[in-house]
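# Survey of secondary and tertiary structure
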Amino acid sequence: MFETPRRSATVLNAWSGSLEDLEQQTQPVSPVSTDNTGKKKKKMKPPLRSVAVSQLFALEDAADSQAEESRTEEKCHTERDAEESIIRGIFKIEKKSCDVELRASRLVWTPIEPETPTGESKAGMLLIEEYVELKEIFAVKLKRRRSVGQQKGGTLLGITLFQCVKKGKKLKDHAIHLSNMSEDHCEVWFRHFKDILNGFRNRPKSLKVFVNPNSHRKEANQIYSEQIAPLFKLADIKTAITITGYKGHALSALKECDLKEFDGLTNWPQNKNRNFCITKNILKSLAPKERDKSLRPGLKLSSSPRSLCFGFSLLSHSVICVGGDGFANEVAYGLLLRAQMDAGRDTDSIFTPVRAPLPLGIIPAGSTDIVVCSVQGIRHPVTAAMHIIMGHYQSVDVCTFSSHSKLLRFGFSAMFGFGGRTLALAEKHRWMPSSQRREFAVIKTLANLKPEECELSFLPLKNPKQEAQKTTRSKLKRDSSNQFDNEDQWQRIQGLFLNISIMAIPCLCSMAPRGLAPDTRLDNGSMSLIAVRNTSRADFIKHLKRYGSLKNQFSFPFVETYTVQEVKLKPQSGLADDSSDENVEFDSKHTPMISTEKNYPWNIDGDLMEAASEVYIR
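Residues numbered from 1 in each chain as written. Predicted model: local features only at pLDDT ≥ 70, side-chain atom pairs only at ≥ 80, totals over all residues. Heavy atoms only, no water.

An unreviewed UniProt entry lists the protein under the name CERKL protein, from Polyodon spathula.

Set out below in structure tokens:
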């Protein structure tokens, strides 16, 4: 009874005639005057109206815009009418009976026009057609009423669709209830919805989740279990969770994994322009070659010359990480390092890195979450999860850090000097709460502020505005290869520097609303080099305070910024030991102290790295 077509409702127009007809019908009749019988009444001419030229143009523009709107609306109606109809039926939506039609790309419903007891339609009733794009739907469920303790069955109430809606920069889920108690009717519609959702090939079907329980306030487990896991379950995404037990746990698992054994990337859009891709946030990926107790039972083990690997080749398996910037860098480093190993790249020599075939997804659970804020513009775990579910992705540049032709690691941003020493001091006080530890390290480093004597060599990016557009990676590679051979294009600066930053992403966060490098783009193949020369402690503090405001933090004579492709940083002096930092007051205007200590601390995406000599960044 629900599949039979019915007569479409007619919207009556209250204005049945033209304005002239209406005036003729409602014009009053003048009474006949007895004093002027036999005389002809003079016909009064309507007064002439004067219209200014500006008014004429305004009227003409209004008429053109109205005609354009009508043409656009007519075109939209034509496209909707031309779209193929899959199935049609009657459901109750928001307590209103509606004529619902499922089309190829959208679900359309119109309230059914009520009738009077005599069978006539109510005049003047405006029926508004509503719709939702099917690409915004990420889950469909049969809605049932169950008693307390009942796990299966129950009285069918209808179908519930779950829609991904955007509110500002946030993504949230919204439920649309289609009420109908017919089992057969709902079952047919449910199958159609499932077939359509299964047709979105870029959406993950299973996820390998790495959770860092020690991120920030140790809230990663709670964030995942309470906010993220229910969404994955709602979207019918299977998950296998690994709680990392030590630093480098995820890196070790990803290094041992064989990426070629998985076919979950067959539908990933190939983009050879970038070495690495971070999704907003889908991570198509792999499975570790270690026996993980959190993986689902029933998986078949296959032998390998190096280790044992779970046979996930028939699954569209993917990987995400739940943690802060340091943990995200660890997973990204593991994915890229595994890709270089599979491509036969020798990381102990100068090499051209290959792009990782796997995108990376990040659920923010750290203190700053710079990578997520730079990609999404907001630090919101549910938004990140919705991007994963919907299969959204974003290309992002990544840097290589090497010393003496040996690869040290991959990363998105780095700080040397004040940023590196602050992180090194904070790591020595891990027993303190994270917020207090960070504030203590900043204050202590400012109290013992001292510059580093360095030699900076960098290759500027030619035509930054042109390269900032959709420049292909292959073209950029050809251009840069020609520039590498010409040493004359390299620039060198030397002196005392309080801090040196190399950023491949804008590095947005709550403490820097404009970003640490606001002029950097996500995927234009360039880096921002920010060199802060030696100055007084008061001026350096003014520079740091600018990051927390909307003012330009680079409008100081001691701050230099460059857009570069490559950087070589060679320290000329050692670092003072901890005892001298704590017991000796040091003026930043003095020459830095020389020490026998060889390692220099670097802050790579919030993770500490120590290098003994020149570091080469690409």
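## Some points on helix α10 (residues 434-447)
Quick note on the threshold: We count a stretch as a helix when DSSP gives it H or I for four or more residues in a row; a strand needs E for two or more, and each element gets its number in order from the N terminus. One less than the residue count of a helix, multiplied by 1.5 Å, gives the span that helix is expected to have. Here's how the labels work: a residue is buried when its accessible area is under 20% of the maximum for its type, exposed when over 50%, partly exposed in between, all with a 1.4 Å probe on protein chains only. To be clear, the arc concerns the directions from the helix axis to the C-beta atoms. We call two residues in contact when some of their heavy atoms are within 4.5 Å.
With 14 residues, α10 extends 20 Å from end C-alpha to end C-alpha; this agrees with the ideal 20 Å at 1.5 Å per step. Within α10 the residues assigned to the buried category are S434, R437, A441, T445 and L446. Here the buried residues of α10 occupy an arc of 160° about the axis, which is enough to place them on one side. Away from the buried face of α10 by more than 90 degrees, exposed residues E439 and I443 are located. Elements that come into contact with the buried residues of α10 comprise α9 (418-427) and α13 (537-546).

## Remarks on helix α6 (residues 325-342)
The end-to-end C-alpha distance of α6, which contains 18 residues, comes to 26 Å, matching closely the 26 Å that a straight helix rising 1.5 Å per residue would cover. Among the 18 residues of α6, 15 are classified as buried, and the element is accordingly described as predominantly covered. Two residues or fewer after α6 comes G344, characterised by a positive phi angle close to 75°.

## Focus: the packing of aromatic side chains
Heads up, the condition is: Two rings from Phe, Tyr or Trp (for Trp, the six-membered ring) form a pair when their centres are within 6.5 Å of each other. A pair whose planes differ by under 30 degrees is stacked, one over 60 is edge-to-face, and the rest are tilted.
Applying the stated criterion across every chain yields a total of 10 aromatic pairs. Both rings, one in Y333 and one in F410, keep their centres 6.1 Å apart while their planes meet at 55°; by these two values the pair is tilted. Of this pair, Y333 sits in helix α6 while F410 sits in strand β17 (residues 406-411), placing them 77 residues apart in sequence. F410 carries the same exposure label as Y333, and that label is buried. When the centroid spacing of 6.2 Å and the interplanar angle of 45° are considered together, the rings of F416 and Y600 count as tilted.

## What to know about the environment of V396
Mapped onto the fold, V396 is located in the loop between β15 (394-395) and β16 (399-403). In sequence terms V396 and D523 are 127 residues apart; their C-alpha atoms lie 4.9 Å from each other.

## Notes on the pattern of salt bridges
Heads up, the condition is: We define a salt bridge as a contact between a side-chain nitrogen of Lys or Arg and a carboxyl oxygen of Asp or Glu at a distance within 4 Å.
Within the structure shown, the criterion is met by 12 salt bridges. Here D99 ties to R88 by a salt bridge, and the two come within 2.4 Å at their closest N and O atoms. Highlighted residues: D99 in strand β2 (residues 96-103) and R88 in strand β1 (residues 85-93), separated in sequence by 11 residues. Given the relative accessible area of 41%, R88 is considered partly exposed. The partner of K194 in a salt bridge is D236, with the nearest N and O atoms 2.9 Å apart. Note that K194 is positioned in helix α3 (residues 183-198) and D236 in the loop between α4 (220-234) and β9 (238-243), a separation of 42 residues in sequence. For K194, a relative accessible area of 22% corresponds to the partly exposed category. Note on D236: relative accessible area 38%, which makes it partly exposed. Taken together, the salt bridges that share partners define one network made up of K141, K194 and D236.

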